[in-house]
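Observations on the three-dimensional arrangement
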Amino acid sequence: MTAKQIGTHSRMHKTKVSRAVARLASRHLIERVANSDDLREAFLGLTSTGREVYDDLVPRALAFAD
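What you see is a predicted model; the values in this text were computed from it and never measured. (Residues numbered from 1 in each chain as written. Predicted model: local features only at pLDDT ≥ 70, side-chain atom pairs only at ≥ 80, totals over all residues. Heavy atoms only, no water.)

**As for the overall build of the protein chain**
Formally: For helices the rule is a DSSP run of H or I covering at least 4 residues; for strands it is a run of E covering at least 2, with both sets numbered from the N terminus onward. In this scheme, a residue with accessible area under 20% of its type's maximum is buried, one over 50% is exposed, and one in between is partly exposed, where area comes from a 1.4 Å probe on protein chains only. We call two residues contacting when some pair of their heavy atoms lies within 4.5 Å. Shrake-Rupley sampling with a 1.4 Å probe provides the accessible areas, and residues are treated as covered by the protein chains on show and by no other component. Asp and Glu are treated as the negative residues and Lys and Arg as the positive ones, with His and the ends of the chain left uncounted. Note that the charge is assigned to NZ on lysines, CZ on arginines, CG on aspartates and CD on glutamates.
In terms of helices and strands, the protein chain carries three helices and two strands. Each helix and strand of the protein chain, ordered N terminal to C terminal, gives the series α-α-β-β-α. Seen through its C-alpha atoms, the protein chain measures out along the principal axes to roughly 40 × 25 × 20 Å. Within the protein chain, the proportion of its 66 residues that are buried is 15%. Taking contacts inside the protein chain between residues at least 6 apart in sequence as the whole, the part at least 24 apart equals 22%. Accessible area of the protein chain: about 5,700 Å², with a carbon and sulfur share of 55%. One way to put it: in the protein chain the 11 positive side-chain charges average out to a point 11 Å from where the 8 negative ones average out.

Below you can see the structure in the form of structure tokens.
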């Protein structure tokens, strides 16, 4: 998923998405892979550390939401 897709899906302003992406990347929770068709864009994905955090956080968030 790209940052633009995240912004559209979450209805967040692109500045907030950009800052969140930068912060997550600096913490090595996500990685960017350049889009070879459009070098202005990058695909984002969880790193192994990011996946661990996600797997720990989601059940807690779901339990909190109930």
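Moving on from the coordinates now.
**Digging into the pattern of salt bridges**
Worth spelling out the cut-off: Should a side-chain nitrogen of Lys or Arg be within 4 Å of a carboxyl oxygen of Asp or Glu, the pair is scored as a salt bridge.
Within the structure shown, the criterion is met by three salt bridges. Of the charged contacts in the structure, one is a salt bridge between Asp38 and Arg40, with a shortest N-O distance of 3.0 Å.

**Let's talk about the side chain of Asn35**
Relative to the elements of secondary structure, Asn35 occurs in the loop between β1 (30-34) and β2 (42-46). Non-local contacts of Asn35, meaning those with residues more than four positions away in its chain, are made with Glu41, Ala42 and Phe43.

**What about the side chain of Thr47?**
Going by this rule: As used in this structure description, the phrase polar contact means that two N or O atoms lie within 3.5 Å; if the pair is within protein, one of them must be able to donate a hydrogen and the other to accept it, and residues adjacent in sequence are counted only when both atoms belong to side chains.
Looking at where Thr47 falls in the secondary structure, it is placed in the loop between β2 and α3 (48-65). Engagement of the side chain of Thr47 in a polar contact is seen with the backbone oxygen of His28, the distance being 2.7 Å. Excluding anything up to four places from it in sequence, Thr47 contacts His28, Leu29, Ile30 and Glu31.

**Quick notes on the confidence of the model for the protein chain**
Quick note on the threshold: Per residue, pLDDT captures the predictor's confidence, and it can take any value from 0 to 100.
In this model, the protein chain carries an average pLDDT of 94, and 100% of its residues clear a pLDDT of 70 or more. At the level of individual helices and strands, the protein chain shows its lowest average pLDDT in helix α1 (residues 3-10), which scores 93, and its highest in β2, which scores 96.

**Regarding unusual backbone geometry**
With the exception of glycine, most residues fall at negative phi, and the peptide bonds are largely trans. In this structure, Arg11 takes a positive phi of about 60° despite not being glycine. Mapped onto the fold, Arg11 is located in the loop between α1 and α2 (14-26). By relative accessible area, which is 79% here, Arg11 ends up exposed. The backbone phi angle of His28 is positive, close to 60°, even though this residue is not glycine. Residue position: His28 is located in the loop between α2 and β1. By relative accessible area, His28 is classed as exposed at 58%.

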